[in-house]
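Listed below, chain by chain, are the residues.
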Amino acid sequence: MQNLMQHFEIIQKTPTLYALHVSIETLFNTLHHLRYQSDFITLSQLTCTDWIEEERFELGYMLTNLERNCNLMVKCFIGRDDVTVASVVTLFPQAEVMERELHEMFGVGFEGNDTLYDFALEDWQDLPPMRREFDTLAYVQSHYDFRDGRDDNLDVKEQIKIRKAAAKSAKEAQGGA
Amino acid sequence: MEEGFNAYRQSLESEEQSIKSTQSVVEQAIAWFRAHSMFVLAYGTGCGAIEMPPTFTSRYDIERLGVVGVATPRQADILIVSGYCSPKTLKRVIRSYEQMSDPKYIIGLGSCTINGGMYWDSYNTIKKLDDFLPVDMYVNGCMPRPEALIEGFVKLQEKIRLNSSEAGYIKYRDNYAHYRANQERLFGAQVAPSYEENFAGMN
Ligand code: SF4
């Protein structure tokens, strides 16, 4: 790790978690280096964050090393629309299914991964559902029927408070008597 | 008004009387056999499925009621839809249900099958199972304990013994157009082939 820190701008977050920001051009080469020249052999997570205000996504590759005592998060900002990133299936075979999920949930393309077809959602016509401009509630209301009785939407917290206070005072009254 | 065990026994006896007055002996026997040999398709959707292994194994041992798990829909009498159902799952559930042979019953396990449960605003789960399939018995709770599921089975046994025309598979046959329309609306072009021709020669 010390060695790596001399070559990359790695920030230490916790004793076992490090973070590294790279640009989209150097993403694949950095991961390649970490995989083969360093001992980060496991890709344990592949995440995507939607920063809609800044109009960009942030990909996060969580790598774990051979001794399992250190995690490195390689982060990369990408555009929100029609972006394609080089797939890392050749480096980490398990990335195949992770990339497939991100493609379905955010619409990120991965070049070199040929499994980017339907995953959990079959025949999905709408926006990828994890993008923040996707209006979940409107989608649900237009696609599913609700059972009556769910729509009253009462704030039960107040009721619970009142009930608890009543029970408490009743108990106290009993104890006093 | 009697209470406790006597009241329970009396209610059982009066029910027995009503069964006896409406069914012939052979019908009674068939209904009794049916109610005590319920074969459940070993299949689970959603998190409620995790309560099924304890129900079926030694702790709660539901086999004493004649409930056994089987591996294929062709041998099963009961389908437990044990929780939330995404459209993708529901397609498989409907296909499994249609492959089962009559008489067949559905138990909806958990709040999710009733009204969406905690997934009421999820883009990928259905909210009312009985729009798509005829549910015979709902067991509510999130998630229901095995005791609740057993209670559901016992209630279902009573229902089977009454041998009413309210049974789900008869409803499905009679109102197929309604269920089919709902399925088509949800699945669009991906809906399974129609099941209607299989009803020919029945009734
Ligand atoms: S009712 Fe609760 S336990 Fe059952 S599937 Fe839904 S969320 Fe899971």
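Residues numbered from 1 in each chain as written. Chains lettered and ligands numbered in written order. Predicted model: local features only at pLDDT ≥ 70, side-chain atom pairs only at ≥ 80, totals over all residues. Heavy atoms only, no water.

**Quick look at helix α3 (residues 95-106) of chain A**
All names here are of chain A. With 12 residues, α3 should reach 16 Å at 1.5 Å per residue; the first-to-last C-alpha distance of 16 Å fits that figure. Regarding α3, the residues found buried are Ala-95, Met-98, Glu-99, Arg-100, Leu-102, Glu-104, Met-105 and Phe-106. Each element contacted by the buried residues of α3 is listed here: β3 (42-51), β4 (56-64) and β7 (109-111). Directly beyond the C-terminal end of α3, a positive phi value near 80° is found at Gly-107. (Helix = DSSP H or I, 4+ residues; strand = E, 2+ residues; numbered from the N terminus. Expected span 1.5 Å × (residues − 1). Buried < 20%, exposed > 50% of the residue type's maximum accessible area, 1.4 Å probe, protein only. Contact = heavy atoms within 4.5 Å.)

**Considering the domain arrangement of chain A**
Assigned domains of chain A: these are domain 1 (2-122) and domain 2 (135-177). Just the C-alpha atoms count here: the centres of domain 1 of chain A and domain 2 of chain A sit 43 Å apart. (Domains from an automatic or database assignment.)

**Re the interface of chain A and chain B**
On the side of chain B, 25 residues touch chain A, which itself brings 20 residues to the contact. Here chain A meets chain B over a buried area of about 1800 Å², counting both sides, of which 52% is carbon and sulfur. With a closest N to O distance of 3.3 Å, Arg-185 of chain B and Asp-145 of chain A form a salt bridge. Our enumeration of links across chain A and chain B arrives at 7 residue pairs in polar contact (both at pLDDT 80 or more). When residues in the side of chain A that touches chain B are grouped by element, the largest group, 5 residues, is from helix α4 (residues 136-143) of chain A. Tallied by class, the residues present in the side of chain A that touches chain B amount to 13 nonpolar, 2 polar and 5 charged. (Buried area = accessible area lost by both parts, 1.4 Å probe. Salt bridge = Lys/Arg side-chain N within 4 Å of Asp/Glu carboxyl O. Polar contact = N/O pair within 3.5 Å; in protein donor to acceptor, adjacent residues only side chain to side chain. Nonpolar A, V, L, I, M, F, W, Y, C, P; charged D, E, K, R; others polar.)

**Section: unusual backbone geometry**
Negative phi characterises most residues that are not glycine, and trans characterises most peptide bonds. The omega torsion of the bond from Asp-102 of chain B to Pro-103 of chain B falls at -10°, within 30 degrees of zero and hence cis. Along the chain, Pro-103 of chain B falls in the loop between α4 (87-99) and β4 (105-109). Residue Met-143 of chain B is reached from Cys-142 of chain B by a cis peptide bond, and omega for that bond is -10°. Tracing the chain through its elements places Met-143 of chain B in the loop between β5 (137-139) and α6 (146-162). Despite not being glycine, Glu-55 of chain A shows a phi value in the positive range, around 55°. The phi dihedral of Arg-68 of chain A is positive, around 60°, even though this residue is not glycine.

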